[in-house]
Amino acid sequence: MEESDTFSVMCIDDNVLLLDALERRLKLEPGFAGFHRLEDFQQAGDAVEALQPTIVLLDVDLPGGVDAMSILAEIVTRTPTSRVIILTAYPGGSLLEHAMSAGAWGFISKGVTSDRLIEGIRRVVHGDAVIALEE
Amino acid sequence: MSSPEQEAILTEGAPRHQRELQNLQRLAMVGTLASGLGHDLRNVVMPVLLRLDVLGASTAIPESARADLAAIRQSVLHLQRLAAGLRLLSSDPRQRSEVQFARLDEWWADVCPLVIDALSSHTVLEHSVPADLPTVAVPPSVLAQVVMNLAMNARRAMEGIERPCMQIRALQRDGRVLLEVRDNGTGMDAETRDRCFEPFFTTRPREVATGLGLSTGRALLHDFGADVRILDSTDEGSTFEVSLPILDDSAAASTGERARTVYLVMSDPRQRAVVRLLLAQHGLREWSRDTTGDERLEARGAPDVVIGDVDGLDAYARSRAEAGSQTLDGPAPQLIVIGQDGGGGVRRADGAQWIDARRLSTIGELLR
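Each value, and the rule that gives it
Numbering of residues starts from 1 in each chain and follows the order in which that chain's sequence is written. Going through the entries in the order they are written, you letter the chains from A and number the ligands from 1. The model is predicted, so local features are restricted to residues of pLDDT at least 70 and side-chain atom pairs to those at 80 or more, both for listing and for counting; the totals for chains, interfaces and linings are taken over all residues. For the side-chain quantities, the full set of heavy atoms in the structure was used; hydrogens and water were omitted. Note on definitions: a residue-residue contact is assigned when non-hydrogen atoms from the two residues lie within 4.5 Å. The buried area of a pairing is the accessible area, by a 1.4 Å probe, that goes missing from both parts when the two are put together, added over both. Here, a salt bridge means any side-chain nitrogen of Lys or Arg that lies within 4 Å of a carboxyl oxygen of Asp or Glu. Any N or O atom pair separated by 3.5 Å or less is treated as a polar contact, with the protein-specific requirement of one donor-capable and one acceptor-capable atom, and with residues adjacent in sequence counted only for side-chain atom pairs. Think of it this way: any DSSP run of H or I at least four residues long counts as a helix, any run of E at least two long counts as a strand, and we number them from the N terminus. Under the scheme applied here, ten amino acids are nonpolar (Ala, Val, Leu, Ile, Met, Phe, Trp, Tyr, Cys and Pro), four are charged (Asp, Glu, Lys and Arg), and all others, including Gly, are polar. Think of it this way: DSSP has to see at least two bridges between two strands before they count as a pair. In this analysis an axis means a line fitted to C-alpha atoms, helices contributing only their contacting stretch, and an angle means the value between N-to-C directions, from 0 to 180 degrees. Here, the term nonpolar core denotes a set of buried Ala, Val, Leu, Ile, Met, Phe, Trp, Tyr and Cys residues that are joined through side-chain atoms within 4.5 Å. Between buried and exposed lies partly exposed: a residue is buried under 20% and exposed over 50% of the maximum accessible area for its type, with that area taken using a 1.4 Å probe on protein chains only. When describing relative orientation, an angle under 35 degrees is termed roughly parallel and one over 145 degrees roughly antiparallel, while 65 to 115 degrees is termed roughly perpendicular and anything else oblique. Handedness of a crossing is defined here by the sense of rotation of the near helix relative to the far one, left-handed for an anticlockwise turn of less than a right angle and right-handed for a clockwise turn. The quantity known as pLDDT measures the predictor's confidence residue by residue, on a range of 0 to 100.

### Quick look at the interface of chain B and chain A
Chain B puts 33 residues into the contact, and the matching count from chain A is 38 residues. A combined buried area of about 2900 Å² lies between chain B and chain A, and 63% of that area is made up of carbon and sulfur atoms. For the pair chain B and chain A, the number of links is 1 salt bridge. Seen at the junction of chain B and chain A, the total is 10 residue pairs in polar contact (both at pLDDT 80 or more). Looking at the side of chain B that touches chain A, the elements with two or more residues in it are α1 (4-57), α2 (63-90) and α8 (269-281) of chain B. Top contributing element to the side of chain B that touches chain A by residue count: α1 of chain B, with 12 residues. For the side of chain B that touches chain A, the class distribution of residues is 15 nonpolar, 7 polar and 11 charged.

### Thoughts on the sheet that holds strand β4 (residues 227-234) of chain B
All names here are of chain B. Reading across the sheet, the 5 strands line up as β1-β2-β3-β5-β4 and stay open at both edges, with mixed pairing between neighbours. Two strands bound the open sheet, and with one partner strand each, they are β1 (124-128) and β4. Taken over all neighbouring pairs, the strand axes of this sheet differ in orientation by 15° on average, direction set aside. Bridging between strand β3 (residues 176-183) and strand β5 (residues 237-245) involves 8 bridges; their strand directions are antiparallel. The residue bridging R176 from the neighbouring strand is P245, located in β5. Packed on one face of the sheet, helix α3 (residues 104-118) meets β1, β2 (165-173), β3 and β5 and runs near 175° to β1.

### A word on the nonpolar core
Residue and element names in this part refer to chain B. By size, the foremost hydrophobic cluster in this structure holds 50 residues, and its most contacted members are L104, V115, M166 and L244. With 9 residues, the top contributor of residues to this core is helix α4 (residues 140-157). Non-local contacts of V115, meaning those with residues more than four positions away in its chain, are made with W108, L125, V147, M148, A151 and M166.

### So, the packing of helix α2 (residues 44-51) of chain A against helix α3 (residues 68-78) of chain A
All names here are of chain A. Taken N-terminus to C-terminus, the directions of α2 and α3 make an angle of 30°; their axes are 9 Å apart at the nearest point. As the angle between them shows, α2 and α3 are arranged roughly parallel. The element α2 and its partner α3 pack so that their crossing is right-handed. Note on element contacts: α3 touches α2 through I71, E74, I75 and R78, opposite A44, G45, D46, V48 and E49. For the contact of α2 with α3, the per-class residue count stands at 4 nonpolar, 1 polar and 4 charged.

### Looking at the confidence of the model for chain B
Residue and element names in this part refer to chain B. With 73% of its residues at a pLDDT of 70 or more, chain B has an overall mean of 77. Predicted confidence is poor over residues 288-299, with pLDDT under 50, and the contacts of this stretch with residues over four places away or in other chains come to 32 contacts. Reported for the predicted complex are a pTM of 0.69 and an ipTM of 0.91.

### A word on the pattern of salt bridges
All told, the structure shown has 20 salt bridges over all chains when counted by the stated rule. For E29 of chain A, the salt bridge is made with R25 of chain A, and the minimal N-O distance between the two is 3.0 Å. By relative accessible area, E29 of chain A is classed as buried at 15%. The residue R78 of chain A makes a salt bridge to E74 of chain A at a minimum N-O spacing of 2.6 Å. Here the residue R78 of chain A and the residue E74 of chain A both occupy positions in helix α3, the gap between them amounting to 4 residues, near one helical turn. By sharing partners, the salt bridges in this structure join R25, E29 and R122 of chain A together with D53 and R73 of chain B into a single network.

So, in C-alpha cells, the structure goes:
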C-alpha cells in the first residue's frame, strides 16, 4: 500500500473522549477515508465484516463483560483483510503474546505519544506489525 | 499440647500477625490503586495529546498561542511519564513478560517525576545519571520500587531540615553500576541502621507504615544479583548504595562469549515483532534487519542464534550451504524453530530446538 492509498479505521472502545479525539486527529492524515465506532460491542464481528475497515483498533477493557479476545478471533476468521491493533491502557502481562499469536497486527499502549499511535496505524496499513509500549 | 509460656507467646503474637496481615493487604491495595491510576491517566492523556495535535495543525491558532500549546503538551507528557512510573511501581518483576534489564538514564526519565512528587516541594533533587553507563541486568520496576522507598524514607528524615536536599548519583566501579541515594536528613540511630532491612521493622506508627519497603526491595534486588546497603548515616544525613550487575558482563559470564547475534528468519511480521520484543527484554539487541531468509549471509558473518519458522530455517540452511564454510566459519549457531506441530523435519534433521508459536515468551529459557 502506498502512502497515498486510502485507509479507514474502526475503533472499538467505550472511551468517547478517545473516539472523538482520534477521529479529529485521523482527519489530518493523508489517505484517511473514514472512521467507524460501535454502539453494540457484541455486534463487532458483523460490523467489521459489513464495513471492511482497513484497521480495527480494539480496546481490551470493554464494558459489559465483552471479551475482546473473542472479538479478535472473530475478526481474524471472518474478515482477515481488516487488521486488528490492540489498544490498551493495561500494557503488561501476557496479553501481548496472546493477542499477537491470535492474529493481531499491532499492540499499542495508550501510554505512548499520539505520534507513535498514528505512526503505528500507518505502519500496519503498510503491512508491518507494530508493538509500541510505554515511552 | 503447648506449655503456658508457649501459649502466652501465641496469645501475644496473634494481634501482631493480624497487624502484619493488615499491612500486607494495605500494600496490595496500594499496588492496585497505582495500577488503576496509571490506567485512567493513559485513557485521559491520549485524547488530550490527539486534540493538541489537531490544534497544532490548525491555521486558525494565533502564533501567540503556540507557546501555550507547547506548554500544555509538556505538562501532559509529564502526566504520561507519571503513568509509566506508576506501572513500574505496580508491576511484578518476576513475570516473564517484564523487561529484565535497564538503561539507567532511560529508567531515570520515567522515575524522576515520581521521586519529585514523593519529596516535599522545597526539597532540592540533584541527580547525575550519565547516559553512557552500561545496561544493568535488573528490571526497571525493581529499581523503581527500591529508589521510591529510599526517597520516601529520605523525605521523613529531612522533615524540619532548613535546606532539604536529596542526591542521586549513578557511576560505574569494579564491574558494577552503583546508584547512590543520599539525603541530608537527621540520619538513623544505631538500632535503625542495624534493623532497617528487616521485614516489618519501622520507626513509624503501624497505622501508617508496613515496615516492608526496604526488606522487600532488597529481597527483589537479591533475586537479580543486586543489593542495597547503607554507606553511612550520621546526623548530617544518610547514604544508601544500590549495587547492580552489568548486563553484558553477566551475559558474557554465562556464555563465555561476546554478546550474541540473533538472526531472525520468519515470514510473519507479527511473529517477528513479538520475538524482537522478547529478545530486547532479555537484553539481546542485535538482530538482522532483513528477515525474509532469502538473502545471502556472507556479508553478515555467522550468527550465534537463528530463530525462524520452518520455511525460514530451511532457507537459512540452503544459504549456509551455498555460502560454504569459508565465509561462515565458526561454531554452528543455535537453531530455534517456531511452529505449531512440534517442528517437524527441521528439528530432527538439524538439531533445532522447537518452540510453540503460542508460547513464544518461553524463548528466553532456550536462549540462556
